[in-house]
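# Observations on the model geometry
Residue strings, one per chain:
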Amino acid sequence: MSLTALPLELSSEISEAKKNGTPIVALESTIITHGMPYPQNLEVARQVENDIREKGAVPATMAVLNGTLHAGLNDTQLEELAQARDVAKVSRADIAVIMAQGRTGATTVAATMIAAHLAGIAVFATGGIGGVHKGAEDSFDISADLTELGHTPVTVVAAGAKAILDVPKTLEVLETNGVPVIAYGQDSFPAFWSAGSDLIAPLRMDSAAEIAAAHKMRGAMGLPGGQLVANPIPATDEIAAATLAPVIAQATQEASDQGISGKDVTPFLLQRIFELTDGRSLTANIALVRNNARLAADIAAALVA
C-alpha cells in the first residue's frame, strides 16, 4: 500500500499548517479515552491544545476513527472521542489491525510517534513515557514506547518515565536502543510527579533551540529513532518523591496481590495512586502535560525557524 493509499487524514488545520510552515505538535489520545472521566478529559484536551496554540503552534491530536488514522481532530471529533465507549488502546503491535478492522482506537506514546512520523510531524508532547515495569526480570513487562523511541524519528517531550516504573532499568533500555535522554534545564532525571530524582540524566540541554538542533543533526546523520526530552514538572505543581514512594509501593503490592498484569497494570496503578493521594496525582499530571505541551511548541517553532 502506498502512503497515498493509507487511510491517513490530516485535519484542515494541520494541512494548512504544513503548507505554511507553521510549527505543529502531536498529542496522544489515550489520555482522553483512558486517562480521566468525561467531561474532565475533554476540558483537559482542549486546555492542552490551547496551550500549544498560545505558543503559536498547531496541536495535532492523533486517533484512529473508524479505521482512519487522523492527525488533528476538530472539536466535534474531540468531543465524540471523549465520550466514546470501548475504544481500543493502540500501540505498534495492534494499530494496523485496528485500522484494518475499521475500529476506533486511542494512541499510546508508541502509536502517536508512528502517526506523527507518517504525518510528517517531528515533535510530540505527552505526560510520561512507559518503560520497564518493576519485576520485569520475571514478567518481561517492558513498554513498546522504549523500542519506538529507538525506531521512529520523533522528539518526545515528557516529564520523564511514569514514576510507577523501574526508572533505572528504563534508562538502561533507552541507552541500549540508542535514544538520547535529555533533561531540560537540570541535571537530574525528572520523576514524573516530582521534579527531580537521584538519577542523573545522560544529557542536559537548556533551550528549545539546542534540542531542535540535535533533532536535525540526528536526521542529517541518518540515525534512526527519536529523542526523549525529560521536562521537569513545575515546582509549584509537584508532589515530593518522599510522599509518593510509600503510595507507589502500596499500589504496586496491591496490583501484584490481585494478579494484575500486562496492559492493565498502568491504569490500575494510576487509579490507586489517584485514590491514595486524594486526587493530587491527577492535578499534577494535568500540570505536567500542559508544561510539556508548551516546551514542545517551542521546540517545534525552533525546528521550522
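First things first, this report covers the structure right here in the doc. (Residues numbered from 1 in each chain as written. Predicted model: local features only at pLDDT ≥ 70, side-chain atom pairs only at ≥ 80, totals over all residues. Heavy atoms only, no water.)

## Focus: the side chain of S143
With respect to the secondary-structure elements, S143 resides in the loop between α7 (136–139) and α8 (144–151). The contact partners of S143, leaving out residues within four places of it in the chain, are G130 and G131. (Helix = DSSP H or I, 4+ residues; strand = E, 2+ residues; numbered from the N terminus. Contact = heavy atoms within 4.5 Å.)

## Things to note about the layout of surface pockets
One water molecule sets the probe size; rolling that probe over the atoms shows where empty space is left. The computed volume of the largest pocket comes to approximately 1000 Å³. What lines the largest pocket is a set of 43 residues, among which K89, K162, T266, P267 and L270 lie closest to the centre. Residues that form the lining of the largest pocket fall into these classes: 17 nonpolar, 18 polar and 8 charged. Taken as a whole, the second largest pocket encloses approximately 320 Å³ of empty space. Along the walls of the second largest pocket sit 18 residues, with A163, L165, V167, A191 and S197 positioned nearest its centre. At the level of elements, α9 (167–176) and α11 (241–257) are the ones that each hand at least two residues to the lining of the second largest pocket. Of the residues forming the lining of the second largest pocket, the biggest block, 5 residues, is contributed by α11. Residue composition of the lining of the second largest pocket, grouped by class: 13 nonpolar, 2 polar and 3 charged. (1 Å grid on protein atoms, 1.4 Å probe; cavity = no way out; pocket = protein on both sides within 12 Å on 5 of 7 lines; lining within 4 Å. Points joined across faces, edges and corners; volume = space filled by probe spheres on them. Nonpolar A, V, L, I, M, F, W, Y, C, P; charged D, E, K, R; others polar.)

## Points about the pairing of strand β8 (residues 155–158)
Residues T155 and V157 point to one face of β8 and V156 and A158 to the other, with burial holding for every one of them. As judged from the 3 bridges shared by strand β7 (residues 123–125) and β8, these two strands associate in the parallel manner. If you follow V123 over to β8, its bridge partner there is T155. (Buried < 20%, exposed > 50% of the residue type's maximum accessible area, 1.4 Å probe, protein only. Pairing = 2+ DSSP bridges.)

## Brief notes about empty space enclosed by the protein
Applying the stated rule across the entire model yields 1 cavity of 30 Å³ or more. Taken as a whole, the largest cavity holds about 110 Å³ of empty space. Lining the largest cavity are 13 residues, and of these L27, E28, I31, V48 and V289 sit closest to its centre. At the level of elements, α2 (30–33) and α3 (40–54) are the ones that each hand at least two residues to the lining of the largest cavity. Looking at the lining of the largest cavity element by element, the count peaks at 4 residues for α3. Taken together, the residues that form the lining of the largest cavity break down as 8 nonpolar, 3 polar and 2 charged.

## So, α3
Taking 1.5 Å as the rise per residue, α3 with 15 residues should run 21 Å; its terminal C-alpha atoms sit 21 Å apart, in good agreement. Those residues of α3 that are buried are in contact with β2 (24–27), α2, β3 (58–65), α4 (75–83) and α13 (280–304). Among the residues trailing α3, G56 stands out with phi positive, at a value near 85°. (Expected span 1.5 Å × (residues − 1).)

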